[in-house]
Amino acid sequence: MQIAPQRAISRFYSVDVNLAPLFCCRKINSVAKQALRDTRETSVQPNQRRKVLVTGGAGYIGSHCCKALYDAGYQPICYDNLTTGHADFVKWGPLVVGDVAESAKLDDVFKSHAIVAVVHFAAFSSVDESVTNPHKYYRNNLAGTLSLLEAMRAAGCLNLVFSSTGAVYGSADSKPISESFPCAPINPYGASKYMIERILSDYRAAYGLNSFCLRYFNACGADLSGLIGERHEPETHLIPRALMAIQGKLKALEIYGSDYNTPDGTAIRDYIHVVDLAAAHVLALAKLLKGHGGGSLNLGTGTGFSVGQILNAIRATTGKQVPQISRARRAGDPSILIADPAQAKAVLNFVSRHSSLETIVGSAWAWHQATRQDNL
Ligand SMILES: NC(=O)c1ccc[n+]([C@@H]2O[C@H](COP(=O)([O-])OP(=O)(O)OC[C@H]3O[C@@H](n4cnc5c(N)ncnc54)[C@H](O)[C@@H]3O)[C@@H](O)[C@H]2O)c1
């Protein structure tokens, strides 16, 4: 079992005075400083921190969640096989390199640490790849989760926050979508997540394993202090691909469909900043630790932006036009997908605070300018 040095935690606290150059506009910079002031919890002693296992904590959303957990007084323990994650994103606690399918290794982690809860991000998440290679998705996402659940039950750890997705709704085109909308995923990725939600519901009833399934809509943006950000390889998401096109790392951004029934003809989605997502996980975890049984909740803002509006925001932030090429609509892509966030507000008291287009694009652009590798 490989444990990375803890000294990265203290490095975090010495870094923030050097953050300013990462931010391209003064407003984002002041938001970043306020966010750091709001979340800092230096008073919690290491031995008082409750330990939370974060599977997939070296990935995009998982690493932001580790930071939020640490700032809220928890001790994240990252468990990641580094297939799509990055060891340099693990800055707020130890890294255990392992696969969720490795039962003995998981048992070891639960024995070595008094883990009070698990936040489970580890999964593959490319919709297109899941269609051509469903086995990979059911094996990793579904079988991997079953293995994790067995280890949790064996250790008596009965609190889980699970990364689900708006893809469980399939091609729903109602606006906005509430949790009562029927789930009908249209690809193996969404199906694997929905199956896990069903399993978790059964485990809650039978074994008292409580869980929140958080259905993210479009995750985006980067840590407001510039320490971590989005680094998928290959990158498939709109905003990072648009920024890569501006940087000359892509020839042009493909825009799928410009004949939708929307004001500018491009598809409308609900974009939620990764820092907001991370905050929601901390709220869900706290609720579980107080004895709440959990459930399924949308994480979105309730507001939609079209691809055209995103590209305008990118032009306003960067001063550059995104090189683009029009393509036909993709099968199964609805014109509008917006979350109804009312349940997350009612149950978790969650509201998104950092999901303005300005903050999303500004933080993503700062991250791309500062760190993005050329070989993507
Ligand atoms: N990015 C989005 O917009 C989005 C939207 C909805 C849901 N999600 C879900 O959120 C989660 C995180 O997504 P992300 O964008 O951060 O992806 P990511 O690829 O950056 O992170 C996934 C992490 O899990 C690790 N991992 C994968 N399989 C593993 C295994 N078997 N054992 C241990 N570690 C493993 C990877 O190495 C990686 O660090 C996923 O479950 C994804 O399905 C993401």
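Shown above is the structure to which this text applies.
Residues numbered from 1 in each chain as written. Predicted model: local features only at pLDDT ≥ 70, side-chain atom pairs only at ≥ 80, totals over all residues. Heavy atoms only, no water.

Focus on the overall build of the protein chain
Cut-off, in case you're wondering: The helix and strand labels rest on DSSP assignments: H or I over at least four residues marks a helix, E over at least two residues marks a strand, and numbering proceeds from the N terminus. Only heavy atoms enter the contact rule, under which two residues are in contact if any of them lie within 4.5 Å. Method for areas: the Shrake-Rupley scheme with a 1.4 Å probe, in which residue coverage is limited to the protein chains shown.
Counting its regular elements, the protein chain contains 12 helices and 14 strands. A sequence separation of at least 24 residues applies to 80% of the contacts in the protein chain between residues at least 6 apart. Split by element, the accessible area of the protein chain, about 15,800 Å² in all, is 50% carbon and sulfur.

Some points on unusual backbone geometry
In this chain, E233 is followed by P234 through a cis amide linkage whose omega measures 0 degrees. Mapped onto the secondary structure, P234 falls in the loop between β7 (218–220) and α8 (238–246). With a phi close to 60 degrees, L82 is a non-glycine residue in the positive phi region. Structurally, L82 can be placed in the loop between β2 (74–80) and β3 (95–97). The backbone of N349 shows a phi angle near 60 degrees, a positive value even though the residue is not glycine. Take N349: it is sitting in the loop between α11 (342–348) and α12 (357–371).

With respect to the environment of V127
This is how the line gets drawn: Relative accessibility decides the category of a residue: with a 1.4 Å probe and only protein chains considered, values under 20% of the type maximum give buried, values over 50% give exposed, and everything between is partly exposed.
With respect to the helices and strands, V127 occurs in helix α5 (residues 127–132). Residue class for V127 comes out partly exposed when judged on its relative accessible area of 33%. In the structure, V127 is positioned 61 residues away from P188 in sequence and 7.5 Å away in space, judged by C-alpha atoms.

Quick word on the site of the ligand
Here is the rule: Neighbouring residues are identified by heavy atoms, a residue being near a molecule or strand if any of them is within 4 Å of it. N or O atoms closer than or at 3.5 Å make up a polar contact, with two conditions inside protein: a donor-capable atom paired with an acceptor-capable one, and, for residues adjacent in sequence, both atoms drawn from side chains.
Looking at the ligand, there are 29 residues lining it, with D80, T84, N140, Y189 and K193 nearest. Side-chain polar atom of N140 to a nitrogen atom of the ligand: 2.7 Å apart, as the coordinates give it. Take A219: an N or O atom from its main chain is 3.5 Å from an oxygen atom of the ligand. Burial of the ligand by the protein chains amounts to 97% of its free accessible area of 830 Å². Residue assignment for the shell around the ligand shows that the elements contributing at least two residues are α3 (60–71), β5 (159–165) and α7 (188–207).

Quick notes on the sheet that holds β5
The following threshold applies: Strand pairing requires that DSSP identify at least two bridges connecting the strands. Helix axes use the C-alpha atoms of the stretch in contact, all axes being lines fitted to C-alpha atoms, and the angles between their N-to-C directions lie in the range 0 to 180 degrees.
The strand order β3-β2-β1-β4-β5-β6-β11 describes an open sheet built from seven strands, whose pairing is parallel. Strands at the two margins of the open sheet, each flanked by one partner only, are β3 and β11 (294–299). Within this sheet the neighbouring strands show an average axis-to-axis angle of 20 degrees, counted without direction. Here three bridges tie strand β4 (residues 115–120) to β5, and the two strands are oriented parallel to one another. Of the residues in β5, the one forming a bridge with V118 is L160.

A short note on the environment of T145
Along the chain, the position of T145 falls in helix α6 (residues 134–155). Under the relative-accessibility criterion, T145 is labelled buried at 3%. On a C-alpha basis, the gap between T145 and K193 in space is 9.9 Å, while along the polypeptide they are 48 residues apart.

Thoughts on the sheet that holds strand β9 (residues 268–269)
Strand order in the open sheet formed by three strands is β12-β9-β14, and the pairing between neighbours is mixed. Lying at the two open borders of the sheet, with one neighbouring strand each, are β12 (305–306) and β14 (336–337). As defined by bridge partners, β9 adjoins β12 across two bridges and the pair is classed as antiparallel. Counted as the bridge partner of R269 is F305 from β12.

What about the nonpolar core?
Put simply, the rule reads: The set of buried Ala, Val, Leu, Ile, Met, Phe, Trp, Tyr and Cys residues whose side-chain atoms join them within 4.5 Å is what this entry labels a nonpolar core.
Counting residues in hydrophobic clusters, the biggest one holds 32 residues, and the most contacted among them are I61, L69, F212, L214 and L299. Counting residues per element, the ones that place at least two in this core are β1 (50–55), α3, β4, β6 (210–216), α9 (274–289), β11 and α11. Once you skip the residues sitting within four places of it in the chain, L214 turns out to touch V161, F162, S163, S164, T165, A280, H281, A284, L297 and L299. Core analysis: the second largest hydrophobic core is formed by 24 residues, L243, I246, I255 and F305 among them.

Let's talk about α7
For clarity, the cut-off: The length a helix should cover is 1.5 Å for every residue beyond the first.
Taking 1.5 Å per residue as the helical rise, α7 with its 20 residues ought to reach 28 Å, and the 27 Å between its terminal C-alpha atoms agrees with that figure. Three or more residues of α7 are buried, namely P188, Y189, G190, A191, S192, K193, I196, E197, L200 and Y203. Buried residues belonging to α7 abut α5, α6, β5, β6 and β11. Taken from the residues just after α7, G208 is the one with a positive phi, measuring 70 degrees.

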